[in-house]
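Fold and contact review
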Amino acid sequence: MDFETQAEVKLVFNETATQSVPDLTDISNTLKVAVTNPNISFGNLSVDVNTIIVKLSISPTTNATANTSTTTNATTITATTSTTATPVTTTTTPATTAVALTGVTVVFTSREIFIFDLSNTSSQAFQNRATLIKTKLEPFYRSAFPSFNSLTVKKFSSGSIINTMTLAFRSSSVPNSKEIGTVLINAARNITAFDIDPTSVTVDGTAVTSSGVSGKTSLFTAIFLVVLSLLLSSQH
């Protein structure tokens with residue numbers, strides 16, 4: 001917003017000087033030339049030359065010297081004009097605060113035929129499938145967890161198609177493995193673009209089923225079965 005200010009300047013001329021007092025037009029023109037001169041800076045002020053008004057007034061002045069009093073006429077020229085001050089605009093750039101994120105690795109198998117191009121992250125096949133998975137799954141996670149940030153497909157492996165991806169959450173609020181895996185298992189019922197095997201879901205290496213987290217028990221289960229088999233065999 002611009003603000004208009006009226007400025008009044010007084011110019012005093014001594015009529016006893018050898019040079020005559022300039023006429024009002026000359027004074028007005030001189031002022032107009034000065035304020036429009038690009039080499040003369042008035043800061044952030046701009047002067048409207050159409051508002052310049054020059055008025056004449058005569059006032060007596062008295063000089064007293066050794067009992068002699070003389071009166072001299074002084075001519076006062078008052079120049080009035082309007083100036084516009086342009087406010088300085090300051091732009092403040094808000095500080096960007098980095099949000100700490102925690103990545104969670106999620107793996108699932110889709111019952112589809114693996115092709116060699118899917119092993120190359122630069123291939124069009126990889127890019128297309130990665131975009132498809134991201135597009136289909138992100139809405140489910142975004143809806144389930146306010147702390148969800150993004151989903152990134154990391155690789156595809158053979159064995160039907162084994163899909164490995166990283167889910168990023170705000171570090172202050174990371175869901176547990178069961179919660180993350182359950183969202184994917186439930187999403188499998190609504191996604192037809194690729195065939196998710198709900199029994200193949202693992203979160204950070206922990207298997208998750210529709211009934212809950214089975215944990216990293218596959219190795220322990222195998223060992224237990226081997227030991228049990230040996231015990232039973234020794235009884236015969």
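Residue positions are given per chain, counted from 1 along the sequence in the order it is written. The predicted origin of the model limits local features to residues at a pLDDT of at least 70 and limits the giving and counting of side-chain atom pairs to 80 or more, whereas totals for whole chains, interfaces and linings rest on all residues. Excluded from the side-chain calculation are hydrogens and water; included are all heavy atoms of the structure.

Considering the pairing of strand β4 (residues 101–110)
Summarising the sheet, β4 and strand β6 (residues 161–170) pair through 10 bridges and their orientation is antiparallel. From the neighbouring strand, L101 faces β6, where its bridge partner is R170. Relative to strand β7 (residues 202–203), β4 runs antiparallel, the two being bridged by two bridges. Across the sheet, residue V106 finds its bridge partner in β7, namely V203. For two strands to be treated as a pair, DSSP must find no fewer than two bridges joining them. Only DSSP runs of H or I covering at least 4 residues are called helices, and only runs of E covering at least 2 are called strands; the numbering of each starts at the N terminus.

Some points on the pattern of salt bridges
Each salt bridge in this description consists of a side-chain nitrogen of Lys or Arg and a carboxyl oxygen of Asp or Glu lying within 4 Å of one another. Tallied over the entire structure, the rule returns five salt bridges. The shortest N-O distance in the salt bridge between R142 and E138 comes to 3.5 Å. Of this pair, R142 and E138 both sit in helix α2 (residues 124–144), four residues apart, which is roughly one turn of that helix. According to the relative accessible area criterion, E138 is buried, its value standing at 13%. Salt bridges sharing partners connect three or more residues here, namely R111, D195 and D197. Accessibility here uses a 1.4 Å probe with only protein chains present; expressed as a share of the type maximum, an area under 20% marks a residue as buried, one over 50% as exposed, and anything in between as partly exposed.

Observations concerning the packing of aromatic side chains
Working definition: a ring pair exists when centres of Phe, Tyr or Trp rings (six-membered ring for Trp) sit within 6.5 Å. Plane angles under 30 degrees give stacked, over 60 give edge-to-face, the rest tilted. Counted under the stated rule, the structure contains six aromatic pairs. Through a chain of ring-to-ring contacts, the aromatic side chains of Y141, F145, F148 and F169 assemble into a single cluster. When the NZ atom of lysine or the CZ atom of arginine is within 6 Å of a ring's centre and also within 35 degrees of its normal, the charge is said to sit over that ring. The ring of F156 is capped by R129, whose NZ or CZ atom sits 5.4 Å from the centre of that ring.

Describing unusual backbone geometry
A positive phi angle is found at S160, which is not glycine, with a value near 60°. The backbone phi angle of D204 is positive, close to 50°, even though this residue is not glycine. Note that D204 resides in the loop between β7 and β8 (206–209). Judged by its relative accessible area of 41%, D204 falls in the partly exposed class.

A few points about the packing of α2 against helix α3 (residues 177–187)
Axis definition: a line fitted to C-alpha atoms, limited for helices to the stretch in contact. Angles are taken between N-to-C directions and run from 0 to 180 degrees. One way to put it is that α2 packs onto α3 with a least axis distance of 10 Å and a crossing angle of 130°. In this view, α2 runs oblique relative to α3, as classed from their interaxial angle. At the point where α2 passes α3, the crossing takes the right-handed sense. Between α2, through L137, F140, Y141 and A144, and α3, the contact on the second element is made entirely by I180, V183, L184 and A187. Any angle from 65 to 115 degrees is called roughly perpendicular, while one under 35 is roughly parallel, one over 145 is roughly antiparallel, and all others are oblique. Handedness of a crossing is defined here by the sense of rotation of the near helix relative to the far one, left-handed for an anticlockwise turn of less than a right angle and right-handed for a clockwise turn. The contact criterion used is simple: two residues touch if any of their non-hydrogen atoms lie within 4.5 Å.

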